[in-house]
Amino acid sequence: MLHKYNQFFYHCTQNRQIFSQSPQKLAVFAVSFGADAKKYQKIIKNDFTAGCGVCVTIYLTGCPIHCPGCHNPELWDPSTGTEVTYDTLYELVEDINANGIQRNLCIMGGEPFADYNLQSVAKLTSYVREKCPNIKIYVWTGFQFEDMVCPSALTILKNIDYLIDGPYIQEQRDITLKMRGSKNQRILELKDGKILREL
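Computed from a predicted model, the values in this text were never measured in an experiment.

Engineer: Tell me what's going on with the packing of helix α3 (residues 118-131) against helix α4 (residues 151-159), and back it up with residues and numbers.
Structural biologist: Between α3 and α4, the least distance of the axes is 9 Å, while the angle of their chain directions is 30°. Taken together, the axes of α3 and α4 lie roughly parallel to each other. Judged by the sense of rotation from one axis to the other, the crossing of α3 with α4 is left-handed. In contact with Leu118, Gln119, Val121, Ala122, Thr125, Ser126 and Arg129 of α3, α4 contributes Ser152, Ala153, Thr155, Ile156 and Asn159. Grouping the constituent residues of the contact of α3 with α4 by class yields 5 nonpolar, 6 polar and 1 charged.

Engineer: Which residues make up α4, and what values do they have?
Structural biologist: Residue pairs spaced three or four apart in an α-helix point in one direction, given the helix's 3.6 residues per turn. Taken as a whole, α4 has its buried residues at Ser152, Ala153, Ile156, Leu157 and Asn159. Along the long axis of α4, the arc covered by the buried residues comes to 165°, so they all point the same way. Projecting away from the buried face of α4 at angles above 90 degrees are the exposed residues Pro151 and Lys158. The elements touched by buried residues of α4 are α3, β5 (137-140), β6 (162-165) and β7 (186-191).

Engineer: How would you explain the packing of aromatic side chains if you had to name every residue and give the values?
Structural biologist: Using the criterion set out here, one finds 2 aromatic pairs in the structure. A ring pair is formed by Tyr138 and Tyr162, whose centres lie 4.9 Å apart and whose planes are at 15°; its orientation type is stacked. Here Tyr138 is found in strand β5, whereas its partner Tyr162 is found in strand β6, with 24 residues between them in sequence. Taking the ring centre of Tyr59 as reference, the NZ or CZ of Lys42 above it sits at 5.0 Å.

Engineer: Quick one: what's the story with the pattern of salt bridges, residue by residue and with numbers?
Structural biologist: This model, assessed by the stated rule, comprises 5 salt bridges. Between Asp161 and Arg129 there is a salt bridge, with the nearest N and O atoms lying 2.6 Å from each other. Taken together, the residues span a long stretch of sequence, with Asp161 in the loop between α4 and β6 and Arg129 in helix α3 at a distance of 32 residues. A single burial state applies to Asp161 and to Arg129, both of which are buried. The partner of Arg197 in a salt bridge is Glu189, and the shortest N-O contact between them spans 2.5 Å. Three or more residues are tied together by salt bridges with common partners; here these are Glu146, Asp165 and Arg186.

What counts, and where the lines are drawn
- Residues numbered from 1 in each chain as written.
- Predicted model: local features only at pLDDT ≥ 70, side-chain atom pairs only at ≥ 80, totals over all residues.
- Heavy atoms only, no water.
- Axes fitted to C-alpha atoms, helices over the stretch in contact; angles between N-to-C directions.
- Helix = DSSP H or I, 4+ residues; strand = E, 2+ residues; numbered from the N terminus.
- Parallel < 35°, antiparallel > 145°, perpendicular 65-115°, else oblique.
- Left-handed = near helix turned anticlockwise from the far one by under 90°.
- Contact = heavy atoms within 4.5 Å.
- Nonpolar A, V, L, I, M, F, W, Y, C, P; charged D, E, K, R; others polar.
- Buried < 20%, exposed > 50% of the residue type's maximum accessible area, 1.4 Å probe, protein only.
- Arc of directions from axis to C-beta.
- Phe/Tyr/Trp six-rings, centres within 6.5 Å; stacked < 30°, edge-to-face > 60°.
- Lys NZ or Arg CZ within 6 Å of the ring centre and 35° of its normal.
- Salt bridge = Lys/Arg side-chain N within 4 Å of Asp/Glu carboxyl O.

In C-alpha cells:
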C-alpha cells in the first residue's frame, strides 16, 4: 500500500528496462520503507562542485528508483545514516552562514522526494528558507516536476529555487552537462513552486 503522503509515486525498480527505454511514458514509482527512514549520510560544508558558488550539500539516504549506473548506490537503503532532527536543521543554517560567507544549499540523495523523506525535506527547506531567505536552494530528484502533487512535495517546490529532475539514464550519460548526469534530466528554475524556465 502506498504511503498516504506520496500516492502519486509508484514502484519502478521492477520496470528498469522499460523506464530506461521510455521514461517519459512510464509513471513514476516509489515504495514506503516505514517511519524510521528520514536519514542522511553526510553533509559537505564547503562544496564547490554541486550547485553554483559555494554550497552546503546534504546527502539523504533512501531511494526507490535504483537507476542503473547510479552514482550513489550506497544511498539506496533508507535505514542507513543519521536521523534528520531539528538539531540538523540548526547546524545546516550555521554551516550556511559560517565565517561570514553565506552559502547556497544543495539537497541530494538518495531521493529527497521519496515518500519517507518528504516531510523531513519539507521541514528542512521551510526552516532554511525562513532563516536564510537570500540563498539559493537546489534539489536533485529522479522523479519529474509534473508528478509532484502531494502537499509535502508542493511545500518543497515553493521553498526551493532550482529543481534538477528526471532519472539518470545510463544510455544518455553526458559528463559535459552542468549539474546533471544524463541528457534527459532538466534544470528547472522555480518561483513559488512554479517553473519560471528550463536552463
